[in-house]
Amino acid sequence: MGSLKSFIKSVRKAKTIADERTVVRKESASIRTSFRDPNLDQTTRRINISKLLYLYILGEKTHFGQVECLKLLASPRFADKRQGYLAVMLLLDENQEVLTLLTNSLDNDMQHPNTFINGLALTCLGNVASPELARDLYNDVEKIIKTTNSAYLKKKACMVAAKLISKEPDLGEVFMPIVQQLSNDKSSQFLLGVCRMIQEIYIHCPDQRQVVLKLVPRLIAQLKRIITAGFMPDYDVSGVTDPFLQVTILQTLRALATDDACSPDYLEQMNDILTQVASNVGSGKNASHAILYECIKTIFAIKSDQSLRVLGINLLGQFLQHKDNNARYVALEMFLTVIDYEPLAVQRHRATIVGCLSDGDISIRRRALELAFAILDEQNIRVLIREILTFLEHCTDNELKPYITSQITIASSRYAPNEKWHYDTLIRMLKMSGNYITSDILSNILAIMMRCGSGELRKHVVSRLFSAAVEDPSQYSLAIVAVWCLGEFADSILGTDVEVNGKQIVASESAILNLIDGYINNSNFTEAETTQLVVYILTAVIKLSVRFHDAQSLEQLRLILNSRTYDTNLEIQTRAVEYQQIFGQSPKLKQGLLAHMPAPSIKDRQSLSLHGGSISTKVPKTLASGASSEKTADLLDLLDDVPAGSSEQKSQPIAESDLLSDIFGSTPSSQPTKTSASNGLLDLYDTASTQPANTNITKPTTRTSSATEVEAFNDGHLRIAFDKQSFQEGQANIDAIITSSSPNKVDQVQLLFAVPKSQKLNITTTAGSDSLVTSNVIRQALRITGKAGSKVKLRVKVKYRLDGTPREDQFDFAGFTGTL
């Protein structure tokens with residue numbers, strides 16, 4: 001068998017994937033064969049494990065060597081143990097059953113006289129610890145912490161103890177006395193492990209939190225000691241004393257100070273120490289940045305003073321001015337988090353934030369863009385929108401454009417200083433947004449344009465749109481808005497002068513027609529965009545037929561409509577034919593029919609946010625509740641999740657979902673026949689029979705209440721209950737009783753039943769009329785057959801008339817006490 005080096009060379013020499021696979025399979029087979037040798041020596045086993053680790057790096061299967069890794073740990077040689085523990089940490093995890101065989105090896109090695117072997121065992125336990133291993137070996141870890149004089153081992157043992165606590169929270173009580181003892185130690189190595197143990201005990205041991213909170217003054221004292229200490233060569237990093245320990249203590253204090261039970265005195269001490277840290281740590285080095293970053297996070301996580309929060313914002317501003325991209329990115333990310341706490345303090349760094357929009361790093365540009373929208377308000381809307389529009393004009397990342405245009409539309413609607421600025425901003429955005437405005441935002445812009453009430457302002461808006469469309473006919477979104485507004489308000493600019501490319505032209509009927517003709521013949525748009533644009537143009541054409549007066553212009557409009565009556569697109573053809581019929585009507589009729597449309601309501605848009613390069617919206621509360629989705633899901637649910645014996649019903653109006661029309665083959669306003677309704681249920685539930693309630697009408701009966709009735713439905717007008725429930729093996733007989741609970745007239749009552757596909761339903765008899773006016777009860781006898789032991793589940797559609805008004809409802813019922 002060759003060495004690891006020769007194996008790696010063979011893999012790297014492979015010229016194709018197939019050759020590499022051949023080498024790997026051959027070596028894997030050789031390793032398996034070698035492992036079967038009962039006389040395999042430890043040196044060969046170590047070489048095989050080395051190759052196994054290389055196979056693991058390549059992503060190959062290595063499960064066949066897991067036990068051999070444990071055998072390697074039995075060797076007394078340090079090299080073998082080191083190789084074995086490395087393999088165990090890589091190839092095994094806490095979910096592997098073979099991990100139980102590791103207990104004895106870890107127990108023996110943690111008691112070994114060699115400090116380095118102790119360290120190997122501790123490291124392995126910390127990486128692969130399971131709850132079982134934690135319970136079996138915590139005594140060894142505790143013993144090392146208490147008895148060893150080696151700082152190297154004690155630090156490792158503290159870190160491993162923290163891991164054991166996270167796996168087995170009951171151990172928090174065991175290690176708590178050690179934490180209290182070591183928290184006064186001045187050794188940085190011990191304190192790192194102690195801080196980690198404190199965090200894990202606080203998170204996983206709620207009963208120990210009050211004890212842990214009392215350690216806050218000690219941690220503050222330790223942090224103060226490090227800050228005021230002089231030069232410590234062993235722990236100095238770029239002139240900063242022990243940055244790792246400072247960061248760890250800050251993280252621990254942040255976790256403890258967010259507890260509601262934390263004393264106000266402790267919070268006051270934390271405010272003082274955070275001020276001291278933020279003031280004493282210089283900037284310019286990564287170590288300093290790490291400490292300041294943790295300090296800022298802690299400031300905004302706890303109940304800190306306003307002056308301290310402003311200091312944190314100023315520190316982030318210093319990060320923004322740093323040349324290092326990582327520092328600036330962290331600052332922008334943190335600004336987005338803390339802007340809700342101190343918006344005015346963040347506003348002071350507006351110029352620096354805007355400057356980041358032109359940064360060469362796309363990640364910084366994205367975060368700066370999101371932050372620029374976050375700090376928008378009434379005072380800075382003009383400046384920031386101007387900068388953002390400039391950024392949009394030169395933006396080469398097309399994925400960002402929908403986000404930018406959406407946010408500009410939302411922000412300008414919310415904070416616009418006046419209407420004219422609002423419209424001018426939207427038009428400028430349309431001119432430079434290309435085809436990257438989403439359809440919902442485009443419809444929102446159209447609604448905003450149509451709500452322009454002032455005649456002079458409307459003239460200004462339409463003139464700007466006409467001018468922009470003539471200057472650049474390749475912008476799809478601009479074309480849609482311009483065509484629509486010209487169709488509605490072209491009469492406001494006819495005969496006026498409009499500036500196009502620095503020249504004054506007259507907005508005549510022929511100029512508008514030339515623009516429309518250019519859009520119809522434009523080949524720059526996609527097929528879907530062209531279809532939508534032509535639809536808007538046809539609507540504008542029929543509108544212009546009552547706003548134009550020149551005979552030649554009217555004839556040209558008629559020819560445009562006529563040319564689209566044979567269009568291959570059905571929607572365009574249909575509109576053209578309909579509009580052609582309207583075009584030929586009398587002017588008086590057309591004036592009323594084609595008058596200005598009333599302005600639609602504007603939907604309230606939610607702000608957007610960028611996360612990981614994608615665009616995501618904040619979910620509205622009405623949608624987050626899941627109410628509408630639950631209704632849809634209920635319609636298709638076969639009641640399999642309703643527990644036996646439950647009387648819970650799921651009722652909902654049929655008119656709220658079109659799915660019911662598909663299920664029952666009807667609409668709320670129609671009265672379907674028995675056959676169509678039954679077929680709809682048969683298709684969905686595979687039932688044997690369904691019948692309306694008015695089948696086999698007999699003489700009216702008198703209502704007699706029964707103590708065994710189970711009410712299944714009551715909407716205040718109609719009550720449905722089930723009685724005389726007889727359950728036998730594989731069969732159930734149930735009476736459905738329908739009565740009126742309203743003084744109003746209830747008639748034309750129909751019930752449609754459905755059961756799951758595994759069951760079969762027959763309606764054996766029906767008593768009573770379809771009216772609850774002449775009779776106070778309708779009774780139906782249901783027979784359900786199916787697999788023995790299964791639950792009886794019904795879906796019922798109720799249809800009736802209340803004082804002549806049709807009503808429909810649907811509910812599910814599975815509250816029968818017996819089973820088939």
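Residues numbered from 1 in each chain as written. Predicted model: local features only at pLDDT ≥ 70, side-chain atom pairs only at ≥ 80, totals over all residues. Heavy atoms only, no water.

The chain is annotated in an unreviewed UniProt entry as AP-1 complex subunit gamma of Candidozyma auris. In its Sequence similarities (unreviewed entry) section, UniProt records this for the chain: "Belongs to the adaptor complexes large subunit family." (UniProt positions renumbered as here; feature names shortened; annotations may be inferred.)

Describing the overall build of the chain
Scanning the chain from N- to C-terminus turns up 36 helices and 15 strands. A burial count over the chain gives 49% of its 820 residues as buried. For the chain, long-range pairs separated by at least 24 residues make up 68% of all intrachain contacts whose partners lie at least 6 apart in sequence. Split by element, the accessible area of the chain, about 38600 Å² in all, is 49% carbon and sulfur. (Helix = DSSP H or I, 4+ residues; strand = E, 2+ residues; numbered from the N terminus. Buried < 20%, exposed > 50% of the residue type's maximum accessible area, 1.4 Å probe, protein only. Contact = heavy atoms within 4.5 Å. Areas by Shrake-Rupley, 256 points an atom, 1.4 Å probe, with all protein chains shown as cover.)

A word on helix α26 (residues 455–471)
The terminal C-alpha atoms of α26 lie 24 Å apart, and with 17 residues this matches the ideal 24 Å at 1.5 Å per residue to within 8%. Within α26 the residues assigned to the buried category are Leu457, Val461, Val462, Ser463, Leu465, Phe466, Ser467, Ala468 and Ala469. Elements that come into contact with the buried residues of α26 comprise α24 (419–432), α25 (439–450), α27 (476–489), β3 (497–500), β4 (503–506) and α28 (509–520). (Expected span 1.5 Å × (residues − 1).)

Digging into the packing of α26 against α28
Where α26 meets α28, the closest approach of the two axes is 11 Å, and the angle between their N-to-C directions is 50 degrees. As summarised for this structure, α26 and α28 are arranged oblique, according to the angle between their axes. The chirality of how α26 crosses α28 is left-handed. Residue-level contacts link Phe466, Ala469 and Val470 of α26 to Ala511, Ile512, Leu515 and Tyr519 of α28. Class assignment of the residues belonging to the contact of α26 with α28 gives a composition of 7 nonpolar, no polar and no charged. (Axes fitted to C-alpha atoms, helices over the stretch in contact; angles between N-to-C directions. Parallel < 35°, antiparallel > 145°, perpendicular 65-115°, else oblique. Left-handed = near helix turned anticlockwise from the far one by under 90°. Nonpolar A, V, L, I, M, F, W, Y, C, P; charged D, E, K, R; others polar.)

Concerning the nonpolar core
Core analysis: the biggest nonpolar cluster contains 202 residues, and Leu106, Leu125, Val141, Ile404, Met449 and Leu465 have the highest contact counts within it. The element contributing the most residues to this core is α27, with 11 residues. Among residues more than four places away in sequence, those in contact with Leu465 are Ile427, Leu430, Met449, Leu478, Val481, Ala482 and Cys485. Residues Leu718, Leu751, Phe753 and Leu794 belong to the second largest nonpolar core, which totals 30 residues. (Core = buried A, V, L, I, M, F, W, Y, C linked by side-chain atoms within 4.5 Å.)

A few points about the packing of aromatic side chains
To describe a pair of aromatic rings, you give the distance between the ring centres and the angle between the ring planes. The full count for this structure, using the stated rule, is 11 aromatic pairs. Measuring from ring centre to ring centre gives 5.7 Å for Phe300 and Tyr341, while their planes differ by 50 degrees; the resulting arrangement is tilted. One end of the pair, Phe300, is in helix α16 (residues 286–301); the other, Tyr341, is in the loop between α18 (325–338) and α19 (343–347), with 41 residues separating them in the sequence. A residue is classified by how much of its surface remains accessible, and Tyr341, at 46% relative accessible area, is partly exposed. Here the aromatic cluster, defined as three or more aromatic residues joined through ring pairs, consists of Phe722, Phe727, Phe813 and Phe816. A cation over a ring is seen here: Arg209 above Tyr202, with NZ or CZ 4.7 Å from the ring centre. (Phe/Tyr/Trp six-rings, centres within 6.5 Å; stacked < 30°, edge-to-face > 60°. Lys NZ or Arg CZ within 6 Å of the ring centre and 35° of its normal.)

Here we look at the sheet that holds strand β13 (residues 778–786)
Read across the sheet, 5 strands follow the order β8-β9-β10-β13-β12 without closing on themselves; strand pairing throughout is antiparallel. Whereas interior strands pair on both sides, the edge strands pair on one side only; in this sheet they are β8 (710–714) and β12 (759–767). Between one strand axis and the next, the sheet turns by 25 degrees as a mean value, whatever way the strands run. In terms of strand pairing, β12 meets β13 through 8 bridges, oriented antiparallel. Within the sheet, the bridge partner assigned to Ala767 lies in β13 and is Arg779. (Pairing = 2+ DSSP bridges.)

Topic: a nonpolar patch on the surface
On the surface, a nonpolar cluster with roughly 370 Å² of combined accessible area is contributed by Tyr56, Ile57, Leu86 and Leu90. Elements represented by at least two residues in the nonpolar patch include exactly α3 (42–58) and α5 (78–91). With respect to the secondary-structure elements, Leu86 resides in helix α5. Residue classification places Leu86 among the partly exposed residues on the basis of a relative accessible area of 38%. (Patch = residues over 30% accessible without salt bridge, like charges linked within 9 Å, V, L, I, M, F, W, Y side chains within 5 Å. Salt bridge = Lys/Arg side-chain N within 4 Å of Asp/Glu carboxyl O.)

Here's the deal with the pairing of β13
Direction of pairing for strand β10 (residues 731–740) relative to β13: antiparallel, over a ladder of 8 bridges. Bridge pairing in β13 links Ile738 to Ile778.

Notes on the side chain of Thr252
Tracing the chain through its elements places Thr252 in helix α14 (residues 243–257). Not counting residues up to four positions away in its chain, the partners in contact with Thr252 are Cys195, Ile198, Gln199 and Leu219.

Structural notes on helix α17 (residues 306–320)
The end-to-end C-alpha separation of α17 is 21 Å, in line with the 21 Å expected for 15 residues at 1.5 Å each. Turning to α17, its buried residues are Leu308, Arg309, Gly312, Ile313, Leu315, Leu316, Gly317, Phe319 and Leu320. Where the residues of α17 are buried, they touch α15 (264–280), α16, α18, α19 and α20 (350–355).

Re the pattern of salt bridges
Scanning all chains against the criterion turns up 31 salt bridges. Lys51 is the partner of Glu27 in a salt bridge, and the nearest nitrogen-oxygen pair spans 2.9 Å. On the criterion of sequence distance, the pair formed by Glu27 in helix α2 (residues 17–35) and Lys51 in helix α3 is long-range, its members being 24 residues apart. Grouping residues by exposure puts Glu27 and Lys51 together as buried.

Some remarks on the environment of Ile572
Secondary-structure assignment places Ile572 in helix α31 (residues 570–583). Between the alpha carbons of Ile572 and Val535 there is a distance of 6.0 Å; along the sequence they are 37 residues apart. If we skip the residues at most four places from it in the chain, Ile572 touches Thr531, Val534, Val535, Leu538, Arg564 and Asp567.

Re a negative patch on the surface
Together, Asp265, Glu268, Asp272 and Asp305 give the surface a local cluster of negative charge. Within the secondary structure, Glu268 sits in helix α15. For Glu268, a relative accessible area of 53% gives the class exposed. (Lys, Arg positive; Asp, Glu negative; His and termini not counted. Charge placed at Lys NZ, Arg CZ, Asp CG, Glu CD.)

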